[in-house]
Amino acid sequence: MSQLDTFGELGERRRPLVTLIMPESWQPVGIDGLEPNASAALMHEGNAAVVAGPGAGKTELLAQRAAYLLQTGICPWPQRILAISFKRDAAANLGRRVTSRVPEHASRFVSMTFDAFTKSLVDRFASALPASWAMHDGYKIDFPTERNVEGFLANIGPAAPLDIRADVMRIRATKFIASTVGGWDLPIEMPDSEAGDATEYAALQWWRARYLGRAPAELDFVMINRLAELLVRSAPQLRRALRITYPYIFVDEFQDTTSAQFSFLASVFADGPMVTAVGDSKQRIMGWAGALPHALKRFAQKFDATSFPLMWNFRSSAGLVQMQHVIATHLEPSTAPAISKTDADLDGNPAEVWTFSSVNREAAFIAEWIATDIAKSGRRPADFALLARQKIATFEARFRIELARYGIQVRNDDELVDTIRLQDLLKHEVARLILGLLRLADQPRGLPTVWQEVLNTLYRVHGAAGDEVAQRRVGDDLTAVTTAMRSWLASNPSTSTSAREILEQLLSLLDVGALHRYVRTTMPDEALRTVIRAFWARLDKVLPNSASWADVLEKFECADAVVLLTAHRSKGLEYHTVFFMGLDDDQWWAHGRDPVESTSTFFVGVSRAAQRVILTTTSPHARTGRIATFFELLDEAAVPEFDRG
Ligand SMILES: Nc1ncnc2c1ncn2[C@@H]1O[C@H](COP(=O)(O)OP(=O)(O)OP(=O)(O)O)[C@@H](O)[C@H]1O
């Protein structure tokens with residue numbers, strides 16, 4: 001049987017010994033219950049569009065549906081569920097939720113980013129591309145800048161056929177890759193470059209410049225997506241194999257789907273596997289990156305999906321849900337009010353606007369306020385988030401100094417560590433594995449959760465989930481690695497050891513080949529060395545100020561800290577109290593470009609709060625400036641304003 005027939009995935013492992021549950025006896029795992037529509041969506045036999053606001057449990061619903069399909073055998077062994085997310089941390093988060101709910105089935109739940117999935121297809125099956133699009137000498141990943149695109153468009157415009165020249169010259173560089181290249185399905189036969197309209201002409205010239213006749217080709221993820229779509233469309237065997245391997249498909253945050261991604265999904269999965277798409281069009285904040293308008297509606301039409309609107313909100317208390325509703329109806333007037341399922345744990349206002357005379361006053365006041373709140377309530381620093389529209393770094397130094405006065409740490413999740421953001425590093429499965437191993441080596445007892453997480457990751461790395469013999473071997477290896485690493489740490493104090501030495505030592509104890517293979521298949525959009533380099537850079541930063549290995553690890557993770565992050569990075573996350581800072585023209589300078597998307601960004605930020613959101617500004621002109629509408633919405637929601645000096 002060829003690799004194409006089975007997609008090279010099925011039949012590799014032994015059938016695990018697990019008891020199946022009858023569908024009618026199945027119960028949600030780890031939660032009390034679901035609203036009726038969520039239960040219906042969970043058990044639906046067909047394509048489903050789950051449309052719901054923030055905190056409705058959309059991601060949780062996917063994790064529960066996975067548990068249902070796997071535990072009942074409705075998704076029979078060895079077939080798998082493929083879950084597609086847009087961001088790596090969202091993919092990892094969903095994977096973790098399923099692993100913790102149904103560890104015995106975790107190997108049959110594949111949670112990947114869109115880019116990772118399409119890249120894995122191109123990497124494995126490029127040789128099956130139609131002759132006109134054959135890849136001759138591999139490719140390298142290259143992200144063209146807007147200036148590259150402008151230069152390219154300026155070149156091809158004057159050379160375009162006369163009848164389409166004006167149209168070609170009107171194509172905008174900002175939308176070119178997402179819309180023009182992303183919106184063009186590669187024809188199986190090479191078209192005549194003089195035929196076709198301006199879009200086809202420009203897209204084809206792009207492929208000529210970066211792929212055809214280039215060795216190696218230069219590809220970004222939009223082009224990789226287009227090649228993957230062509231592959232599947234032109235190789236029916238591969239399409240069939242994918243459909244057999246993955247009879248159930250989940251897509252999280254569907255509102256962020258681009259036209260390229262939508263056409264890929266339609267080519268591969270329409271009229272085939274059961275697709276469950278979840279999303280919230282009011283949280284569509286990736287339009288600038290090419291997210292399709294009305295993606296969920298289009299999905300429901302194209303996939304003939306049943307819609308399941310959800311009304312419950314498990315995250316935010318009733319006062320916050322009411323306030324969110326005002327913004328939600330501004331974005332979509334037909335939005336029905338959500339029902340809060342979370343009790344308020346505070347007496348005061350759930351939302352307030354605070355104005356300050358200066359940024360220094362703002363940082364000093366908020367720091368003291370957080371310290372007092374922690375002292376009174378027993379909450380942890382990590383219960384507080386400091387959000388801003390985009391320039392979060394401008395707040396960091398001030399808040400670091402002010403919060404340090406009270407012994408409270410700050411972590412800037414937007415910080416660039418080598419080439420990746422701190423948030424992505426700390427959530428990366430490989431970084432968590434290395435960190436976990438170091439923790440277990442440093443502290444032999446009392447970390448059962450860390451031990452279990454490391455073990456689960458190693459099971460996945462070694463393909464041991466559901467195989468008791470292999471699991472025992474992985475467990476024994478883990479004991480050996482932590483023991484060896486423990487004695488190494490004991491004879492190499494943190495004060496005189498370099499980041500390189502510790503990483504080399506740890507990696508020498510691991511099966512790096514297996515780790516490479518694991519990363520290549522589950523996260524092909526990111527090389528193992530990228531994560532290792534970022535890990536190294538972070539270690540380099542924290543080592544000099546640390547007194548012991550425990551201290552190094554604590555500073556590396558900085559888990560118990562007030563978090564600074566952008567509204568975009570806050571997507572999918574939640575905190576007890578959110579400070580949404582910088583309500584002014586400076587942070588929201590681009591509001592006028594796309595007020596709807598900008599309001600959605602505001603909505604995403606505001607809806608991260610479980611109990612309290614405090615919106616701040618230091619600008620006396622904020623109310624009458626670019627984002628005057630936000631203040632009107634806050635007034636409409638009766639959010640009180642306080643001058644904090
Ligand atoms: N059925 C449930 N019962 C209890 N808690 C739940 C349930 N579903 C979700 N939750 C909790 O509610 C919170 C929000 O869930 P989740 O992140 O899945 O929501 P979401 O719809 O994806 O939100 P958003 O769109 O804002 O990112 C989480 O803390 C989650 O653990």
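Residues numbered from 1 in each chain as written. Predicted model: local features only at pLDDT ≥ 70, side-chain atom pairs only at ≥ 80, totals over all residues. Heavy atoms only, no water.

### Side note on the sheet that holds strand E16 (residues 561–566)
In plain terms, the rule: For two strands to count as paired, DSSP must find a minimum of two bridges between them. By definition, any uninterrupted DSSP run of H or I lasting at least four residues is a helix, any uninterrupted run of E lasting at least two residues is a strand, and each is numbered from the N terminus. Only the contacting stretch of a helix is used when fitting its axis, a line to C-alpha atoms as for every element, and angles between N-to-C directions run 0 to 180 degrees. Any two residues whose heavy atoms approach within 4.5 Å at even a single point are treated as in contact.
As summarised here, the arrangement of the 7 strands in space is E13-E16-E12-E17-E18-E11-E19, forming an open sheet in which the pairing is parallel. Each edge of the sheet is formed by a strand with only one pairing partner; in this case those strands are strand E13 (409–412) and strand E19 (641–643). Strand-to-strand, the axes of this sheet are offset by a mean angle of 25 degrees, without reference to chain direction. Note: strand E12 (residues 384–388) against E16, 4 bridges, orientation parallel. Bridging across to E16, Leu387 finds its partner in Leu565. Each of strand E11 (351–355), E12, E16, strand E17 (575–581) and strand E18 (609–617) touches helix H15 (residues 359–377); the most contacted strand, E18, lies at about 160 degrees to it. Relative to E13, helix H16 (residues 393–404) is tilted by about 165 degrees, and along the sheet it contacts E12, E13, E16 and E17.

### Thoughts on the sheet that holds strand E3 (residues 109–113)
If you walk across this open sheet you meet the 6 strands as E3-E2-E6-E7-E1-E8, and the pairing is parallel. Bordering the open sheet on either side are E3 and strand E8 (306–310), each of which pairs with just one other strand. Strand-to-strand, the axes of this sheet are offset by a mean angle of 15 degrees, without reference to chain direction. Two strands pair when backbone bridges link them, and strand E1 (residues 48–52) and strand E7 (residues 274–279) are joined in this way by 4 bridges, in the parallel orientation.

### Some remarks on the site of the ligand
The test is simple: We call a residue near a given molecule or strand whenever any one of its heavy atoms falls within 4 Å of it. Pairs of N or O atoms are called polar contacts if they sit within 3.5 Å, as long as, within protein, a hydrogen donor faces a hydrogen acceptor (for residues adjacent in sequence, only side-chain-to-side-chain pairs). For accessible areas, the Shrake-Rupley method is used with a probe of radius 1.4 Å. Any residue's cover is judged against the shown protein chains and nothing else. All amino acids are sorted into three groups, where Ala, Val, Leu, Ile, Met, Phe, Trp, Tyr, Cys and Pro are nonpolar, Asp, Glu, Lys and Arg are charged, and the leftover types, Gly among them, are polar. An automatic or database domain assignment supplies the start and end points of every domain.
Neighbouring residues of the ligand: 18 residues in total, closest Gly33, Lys58, Arg315, Glu574 and Arg608. Ala56 places a main-chain nitrogen or oxygen 3.2 Å from an oxygen atom of the ligand. One nitrogen or oxygen atom from the side chain of Arg608 is found 2.9 Å from an oxygen atom belonging to the ligand. Here the ligand, which alone exposes 640 Å², has 84% of that area covered by the protein. Of all elements in the fold, only helix H3 (58–71) and strand E9 (312–317) reach the threshold of two or more residues within the shell around the ligand. Broken down by element, the residue count for the shell around the ligand peaks at 3 residues, all from H3. Taken together, the residues of the shell around the ligand sort by class into 5 nonpolar, 7 polar and 6 charged. When residues of the shell around the ligand are assigned to domains, at least three fall in each of domain 1 (3–115 + 234–310) and domain 3 (317–390 + 567–643).

### Focus on the domain arrangement of the chain
Buried accessible area, meaning the area lost when the parts come together, often serves as the stated size of an interface. We note that the domain assignment places domain 1 (3–115 + 234–310), domain 2 (144–219), domain 3 (317–390 + 567–643) and domain 4 (420–557) within the chain. Each of domain 2 and domain 4 has a C-alpha centre, and the two are 44 Å apart.

### Side note on the pairing of E17
Test applied: A 1.4 Å probe rolled over the protein chains alone gives each residue an accessible area, and that area as a share of the maximum for its type sets the label: buried under 20%, exposed over 50%, partly exposed in between. Place the viewer so that the strands point away; then a crossover is right-handed whenever the path from the first strand over the helix to the second strand goes clockwise.
Extensive coverage of E17 is indicated by the burial of 7 of its 7 residues. Here 5 bridges tie E12 to E17, and the two strands are oriented parallel to one another. When the sheet's bridge partners are listed, Ala385 is paired in E17 with Val578. Sheet topology places E17 next to E18; 5 bridges connect them, and they run parallel. Residue pairing in the sheet places Thr577 in a bridge with Arg612 of E18. As a crossover connection, the stretch from E17 through helix H25 (residues 595–606) into E18 is right-handed.

### Examining the nonpolar core
Going by this rule: Note on terminology: a nonpolar core comprises buried Ala, Val, Leu, Ile, Met, Phe, Trp, Tyr and Cys residues joined through side-chain atoms within 4.5 Å.
Phe117, Phe176, Trp207 and Tyr211 are the most contacted members of the largest nonpolar core, which totals 69 residues. Ranked by the residues each element gives to this core, the list is headed by helix H10 (residues 221–234), at 8 residues. Aside from chain neighbours lying at most four places away, what touches Tyr211 is Leu129, Trp133, Ala134, Met135, Ala217, Leu219, Met223 and Leu227. Counting residues in hydrophobic clusters, the runner-up holds 50 residues, among them Ile420, Leu433, Val461 and Phe535.

### A few points about the environment of Leu437
Structurally, the position occupied by Leu437 is in helix H18 (residues 429–442). In sequence terms Leu437 and Met485 are 48 residues apart; their C-alpha atoms lie 8.5 Å from each other.

### Concerning the packing of aromatic side chains
Quick note on the threshold: Centre distance within 6.5 Å is the pairing criterion for rings of Phe, Tyr and Trp, where only the six-membered ring of Trp is used; planes under 30 degrees apart are then read as stacked, over 60 as edge-to-face, and the remainder as tilted.
Within the structure shown, the criterion is met by 32 aromatic pairs. Aromatic pair Phe152 and Phe176: ring centres 5.6 Å apart, planes at 45 degrees, arrangement tilted. In this pair, Phe152 sits in helix H6 (residues 146–159) while Phe176 sits in helix H8 (residues 173–181), placing the two residues 24 residues apart along the sequence.

### As for the packing of helix H2 (residues 36–43) against H3
Put simply, the test is: Should an angle fall under 35 degrees it is taken as roughly parallel, and over 145 as roughly antiparallel, whereas 65 to 115 is taken as roughly perpendicular and any remaining angle as oblique. Handedness of a crossing is defined here by the sense of rotation of the near helix relative to the far one, left-handed for an anticlockwise turn of less than a right angle and right-handed for a clockwise turn.
The geometry of H2 relative to H3 is characterised by a closest axis approach of 9 Å and an angle of 45 degrees between their N-to-C directions. With respect to their mutual orientation, H2 and H3 come out oblique. Pair H2 / H3 crosses with right-handed handedness. When H2 is examined against H3, the residues Ala38, Ala41, Leu42 and Met43 are found in contact with a partner set consisting of Leu61, Gln64, Arg65 and Tyr68. Classifying every residue of the contact of H2 with H3 gives 6 nonpolar, 1 polar and 1 charged.

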